[in-house]
Amino acid sequence: MAMEPDAAQNPNPSPVPPPISAYYQTRAEHHAVVSSDWLAHAAAAAATSPGADAAAAADAAAVPPPSPGAAGGVIEEFNFWRRKPEAAEAVAAIMALAAVIRSSRATTMMELEIELKKASDKLKSWDATSISLSAACDLFMRFVTRTSHLEHEKFDAAKSRLIERGEKFGEISLKARKTIAMLSQDFIYDGCTMLVHGYSRVVLEVLKLAASNRKLFRVICTEGRPDRTGLRMSNELAALGIPVKVLIDSAVAYSMDEVDMVFVGADGVVESGGIINMMGTYQIALVAHGMNKPVYVAAESYKFARLYPLDQKDMTPAHRPIDFGVPVPTGVEVETSARDYTPPQYLTLLLTDLGVLTPSVVSDELIQLYL
């Protein structure tokens, strides 16, 4: 069956059955951890409607990367950037929006802003569950259009200024991980043991730099079920010569007495100073807090989102495929939520490219970012 171009890139632009986030639908091409066969099997198990096409997820993951100049515009440019190994989804969106400004044929600032807003909305709908994608689009819009004097410039000059700002924002975003890694080094000391949860590229950047600085430390990685992200993290750390121990997710409390600190990434940083991250982060933070272990969050500023969740269910649901390896009995409900919310009182510091922040300062930073 023929598919529309955008549908081929993301089989789940909004949370409708089968309820699996596009991030997990495309993990195979991002990280080569989940096989297409496994993903297709899991999608079939998660499908809620009779006759759902179980192979749709695998087919989507197999779509070849488009060229940035292909017809269809911002989604193709976004896909071009996000397939680069080190490019986060949010950074890919920023680079795609900058390209929209460069290629625009608008003749007035109002037309250009309308065009940019439509492109931003299209990117956000690519995966309605992605917090970092939505936040990056909103921040980009604010960053490039927030000063009113553009309205008084000639259009060509104003457009050039917008292009300059867009490229500057993209450049800042690309450097965010390295900035965070440098700021984090003071918190890693010889002889320490840290616990990491799942696979976070910014946390990996922190640990890579610490290893290159010849710091002697040990890392405990949670397994990261069901998609084994912790195993990938442990493989990469072992390749760097860092001593690593893999832990099943349910053994965090058992092993917390070995840990000096917890290091996690974030899908999003919210207005309360809390974070939304991979499922299991909340319980790890609770155990660490109860045993007086510091919890550090490494998060890029483009993940700061204007959200204020009040509890675990007060956020847009994101789901991931679950495969227990054995058939689940008919009628048994399976929890497929992909992330949880960790309140600020269980976090020690947020290590960001804006600086080292306490959770209570986050709301002030968000105000500055969105002014």
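Please refer to the structure placed before this passage.
Every value quoted in this text rests on a predicted model; they were computed, and no experiment measured them. (Residues numbered from 1 in each chain as written. Predicted model: local features only at pLDDT ≥ 70, side-chain atom pairs only at ≥ 80, totals over all residues. Heavy atoms only, no water.)

Colleague: It is not clear to me how the pattern of salt bridges should be interpreted in this structure. Could you clarify?
Modeller: Taken as a whole and judged by the stated rule, the model has eight salt bridges. Put simply, glutamate 205 and lysine 178 hold a salt bridge, and the shortest N to O gap is 3.5 Å. Taken together, the residues span a long stretch of sequence, with glutamate 205 in helix α11 (residues 201–212) and lysine 178 in helix α10 (residues 155–184) at a distance of 27 residues. Owing to a relative accessible area of 18%, glutamate 205 belongs among the buried residues under this scheme. Owing to a relative accessible area of 53%, lysine 178 belongs among the exposed residues under this scheme. A salt bridge links glutamate 258 to arginine 218; its shortest N-O distance comes to 3.1 Å. (Salt bridge = Lys/Arg side-chain N within 4 Å of Asp/Glu carboxyl O. Helix = DSSP H or I, 4+ residues; strand = E, 2+ residues; numbered from the N terminus. Buried < 20%, exposed > 50% of the residue type's maximum accessible area, 1.4 Å probe, protein only.)

Colleague: I tried to follow the sheet that holds strand β5 (residues 268–269) on my own but got confused; where do I start?
Modeller: Pairing between the strands of a sheet comes from backbone hydrogen bonds, and it takes one of two forms, parallel or antiparallel. Judged by pairing direction, the sheet is antiparallel, and its three strands sit side by side in the order β5-β6-β8 without closing on themselves. Only two strands of the sheet have a single partner each, and these edge strands are β5 and β8 (339–342). Sheet topology places β5 next to strand β6 (residues 275–278); two bridges connect them, and they run antiparallel. Along β6, the bridge assignment pairs glycine 268 with isoleucine 276. (Pairing = 2+ DSSP bridges.)

Colleague: How should I be thinking about helix α14 (residues 281–290) in this particular structure?
Modeller: Owing to its 3.6 residues per turn, the α-helix brings residues three or four apart onto one side. All buried positions along α14 are accounted for by Thr281, Ile284, Ala285 and Ala288. Around the axis of α14, the buried residues are gathered within 100° of arc, so they sit on the same side. Where α14 terminates, the next one or two residues include asparagine 292, which has phi positive at roughly 60°. (Arc of directions from axis to C-beta.)

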